[in-house]
Every structure is written in C-alpha cells, then in structure tokens.
Amino acid sequence: MKQNRLEELAHTLEAEGTYKVLRRIAPIPLNRHLPHDQTRLGIFLDLETTGLDPQHDEIIEFGMVPFAYTLNGTILGTLPTFSRLREPNQPIPPDITTLTGITQEMVAGKTVSPDDVAQFTAQASLIVAHNARFDRLFAENFWDGFSKLPWACSMEDVPWQAEGFEGRSLGYLAMQAGWFFDGHRATDDCLAGVTLLNTRLPKTQAPALSALLREARKPRWQIWAENAPFEYKDKLKARGYRWNDGSNSHPKAWFTEVPLEQKDEELHFLKTAIGLDAAAIPTREITAWDRFSARA
C-alpha cells in the first residue's frame, strides 16, 4: 500500500514536467514461467579488483546476478545472487578502497573457489558485463570455464548513443533511464546492469536486452593495421582502433572489430587512408565465444 502511494506521488511529480524521479534499483520479481525451450539463463557479472592489469592484479569481489530471459530479449526476472569477497595476496591499494569502499579488514580470511563459481554458472547460456573487455580477462584467469561461455557487453552491444543516451558509464546510463544505485560494489552494479537491459529503448521501444542479443549474435571480424606508419596512429585511434602491445599471440599493432557488412569498408579505409596493402592485412572472424577474451 505504501509503495503504491509513493508511486502515485512520483507520477504526479513527473506529470508536472519540472521533476524527474529516480527509483532505487532492486531485484526484478520472477513472475512469469515459460517452457524451458523458450527461455535462457543469463548471468550479469561484475568484478572489483586491486587494479587494471589482469596479469598482476586480483579479484577482491565477485558479483553475479542470474536473470531469466526469452530468446527475443525479454527479461522475466532475476534469481538469487552470488556475492563474495576475496582476500588478495597483496594489500588492497588505498585508491581501490576509496573507489569501492572495500577494505583489507572486510576481505580478511574471505575466499572464493573456482568450484563455487562453476556451480553457480552451470546453467548459464550467456555472461554479460558492462565492460566485458575488462571483466572477461580477470574472470578467465580465475576460472577457465568462463572461456567456454559466450559473452556480451552491455556497454558496447547496446546502441545507447543512437537511442539518445549520453555517455556509456553504468551509473550515468542508469540515471538517464530513471534509476539510482550504490555504485562500485559488484552485486549493486550487476542489478543496475540487468535493470538497464530491462529498459525499453526510447526510439525503437525494444528492450535493451534484445539489442544486445542481436549484436552479440553477429559474427565480427578483427582487422589488424599491422605495419601502419606511426604518423597515422591518431587517425586510427580516432576511428576506434585499439593498440595491442604484442604481449599475447597477436601482432604488435592497432586493431579494430567490425560486423561482416563493414569488413570491406574497413579494408578500403586501411588501403586508401593508411596506405596498407589490403591483401596483406591480417583478419580473423570472432564470435561471442571468444570476443573480449585474451584469445581474441
């Protein structure tokens, strides 16, 4: 009764046109059950870590929120969460404590085992993170099973800008969609991510999850601007190319990922604007199974 009254007040304020009400993010009740062949289980994952380098830094908090969804991208509701702290081998840097609120005392003696993670994700059809390029590398280093699951990114795989949103940070997107939450704790970020995916996009009126699934299902091509002259680095960066330092099995070069329909256009750009031989440019097809992974 109280909640209904508060919603009435919120709608009254919003109807005035001079107020915008933000609602606190909360789990989505699972109030519809469909046949198993029509639904899938997704897991929104967020990790808090001691730093940005997956080869040297460590996970200090695991957050995973499972959600049931239909094949066309409708979220049916969320399920009980996985929220665990983990003590790293090295002290938590002060700036990480400032950012996350996680102290050394909070993680003392806390552990997370790969078996715990494997059991929790056993039924997952998809892993989603808001910055999958960051989270997948740490996740795979912790448990190899993450490398055998398809991944999607709620930051990259939803056309937020085309739909009228500004920026791509989780908190800012949530605020524009009418929500607020306590950021930089893993489970809170996961619930915010699922809530965003449950939001109908302003222009298409489709759930954001449907846009994410459509993008994640597309095969993509990785294109390497190997041997590009140094003076073109700013032009490549401005076009969205990222630098690979060669520490993995891939070239030390700028690279990008594009859908199949943009492959020829990108090769033409490298030939005409950068001066590369299109026939000699390394390319490879990647899918949701290896996208964002160290293997990609």
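Model, not experiment: these values are computed from the prediction.

J.: It is not clear to me how the overall build of the protein chain should be interpreted in this structure. Could you clarify?
T.: In terms of regular secondary structure, the protein chain is built from ten helices and twelve strands. Computed over C-alpha atoms, the radius of gyration of the protein chain comes to 21 Å, within 12% of the 19 Å expected from 2.2 N^0.38 for 296 residues, which places it in the range of a compact globule. Projected onto its principal axes, the C-alpha positions of the protein chain cover 70 × 50 × 40 Å. At a minimum sequence separation of 6, the contacts of the protein chain that also span at least 24 residues come to 67%. Within the structure as shown, the protein chain displays about 15700 Å² of accessible surface, and the carbon and sulfur contribution to it stands at 52%. For the protein chain, the separation between the mean place of its 32 positive charges and that of its 39 negative charges on side chains is 4 Å.

J.: What exactly am I supposed to notice about the nonpolar core here?
T.: Generally speaking, a soluble globular protein has its nonpolar side chains buried in company with each other. In this structure, Phe-67, Trp-160, Leu-197, Leu-209 and Leu-212 are the most contacted members of the largest nonpolar core, which totals 30 residues. Contact partners of Leu-197, with chain neighbours within four places excluded, come to Phe-44, Ile-75, Val-128, Ser-154, Val-158, Pro-207, Ala-208, Leu-209 and Leu-212.

J.: What is the right way to look at the layout of surface pockets in this model?
T.: Vacant regions in the atomic arrangement are exposed by a probe of water-molecule size rolled over the atoms. By volume, the largest pocket amounts to about 750 Å³. Every residue lining the largest pocket is counted, 25 residues in all, and those nearest its centre are Arg-133, Leu-137, Asn-244, Asn-248 and Ala-294. Among the secondary structure elements, those contributing two or more residues to the lining of the largest pocket are helix H5 (132-142), strand S9 (220-225), strand S10 (242-244) and strand S11 (253-259). At six residues, the largest contribution of residues to the lining of the largest pocket is made by H5. Residue classes in the lining of the largest pocket are distributed as eleven nonpolar, eight polar and six charged. Estimated volume of the second largest pocket: approximately 520 Å³.

J.: I would appreciate a short explanation of the pattern of salt bridges in the present structure.
T.: Oppositely charged side chains may form a pair once their charged atoms are brought near each other. Evaluation of the coordinates by the stated rule reveals 19 salt bridges. Here Arg-5 makes a salt bridge to Glu-8, at a shortest N to O gap of 3.4 Å. Highlighted residues: Arg-5 and Glu-8, both in helix H1 (residues 2-15), separated by three residues, approximately one helical turn. In this structure, Asp-182 and Arg-24 form a salt bridge, with 3.4 Å as the shortest nitrogen-oxygen distance.

J.: Please clarify how the packing of aromatic side chains should be interpreted in this entry.
T.: Here a ring pair, both rings aromatic, is described through the centre-centre distance and the interplanar angle of the planes. On inspection of all chains with the given rule, the structure shows eleven aromatic pairs. Ring plane angle 80° and centroid distance 5.1 Å describe the contact between Trp-143 and Phe-146, whose orientation is recorded as edge-to-face. With a centroid separation of 6.4 Å and an interplanar angle of 35°, the aromatic rings of Tyr-241 and Phe-269 are classed as tilted. Of this pair, Tyr-241 sits in the loop between helix H9 (233-238) and S10 while Phe-269 sits in helix H10 (residues 263-272); the two residues are 28 residues apart in sequence, bridging distant segments of the chain. By the burial criterion, Tyr-241 is buried, and Phe-269 matches it. In this structure, Arg-239 packs its charged tip against the face of Phe-269, placed 3.9 Å from the ring centre. The ring of Trp-221 has Lys-263 sitting right over it, with the charged end atom 3.6 Å from the ring centre.

J.: How should the sheet that holds strand S12 (residues 283-286) be read in this particular structure?
T.: Across a sheet, strands are paired by hydrogen bonds formed along the backbone, either parallel or antiparallel in direction. Ordered in space as S10-S11-S9-S12, the four strands form an open sheet in which the pairing is antiparallel. A single partner strand is all that each edge strand has here, and the edge strands are S10 and S12. Within the sheet, the average angular offset between the axes of one strand and its neighbour, ignoring direction, is 35°. The sheet contact formed by S9 and S12 spans four bridges and is antiparallel. Following the sheet pairing, Trp-221 is matched in S12 by Glu-285. Contacts from H10 reach S9, S11 and S12 within the one sheet, and its direction differs from that of S9 by about 5°.

The rules we used
- Residues numbered from 1 in each chain as written.
- Predicted model: local features only at pLDDT ≥ 70, side-chain atom pairs only at ≥ 80, totals over all residues.
- Heavy atoms only, no water.
- Helix = DSSP H or I, 4+ residues; strand = E, 2+ residues; numbered from the N terminus.
- Rg over C-alpha atoms; globule rule 2.2 N^0.38 Å.
- Contact = heavy atoms within 4.5 Å.
- Areas by Shrake-Rupley, 256 points an atom, 1.4 Å probe, with all protein chains shown as cover.
- Lys, Arg positive; Asp, Glu negative; His and termini not counted.
- Charge placed at Lys NZ, Arg CZ, Asp CG, Glu CD.
- Core = buried A, V, L, I, M, F, W, Y, C linked by side-chain atoms within 4.5 Å.
- Buried < 20%, exposed > 50% of the residue type's maximum accessible area, 1.4 Å probe, protein only.
- 1 Å grid on protein atoms, 1.4 Å probe; cavity = no way out; pocket = protein on both sides within 12 Å on 5 of 7 lines; lining within 4 Å.
- Points joined across faces, edges and corners; volume = space filled by probe spheres on them.
- Nonpolar A, V, L, I, M, F, W, Y, C, P; charged D, E, K, R; others polar.
- Salt bridge = Lys/Arg side-chain N within 4 Å of Asp/Glu carboxyl O.
- Phe/Tyr/Trp six-rings, centres within 6.5 Å; stacked < 30°, edge-to-face > 60°.
- Lys NZ or Arg CZ within 6 Å of the ring centre and 35° of its normal.
- Pairing = 2+ DSSP bridges.
- Axes fitted to C-alpha atoms, helices over the stretch in contact; angles between N-to-C directions.

Geometric descriptors of this kind do not, in isolation, establish any biological role.
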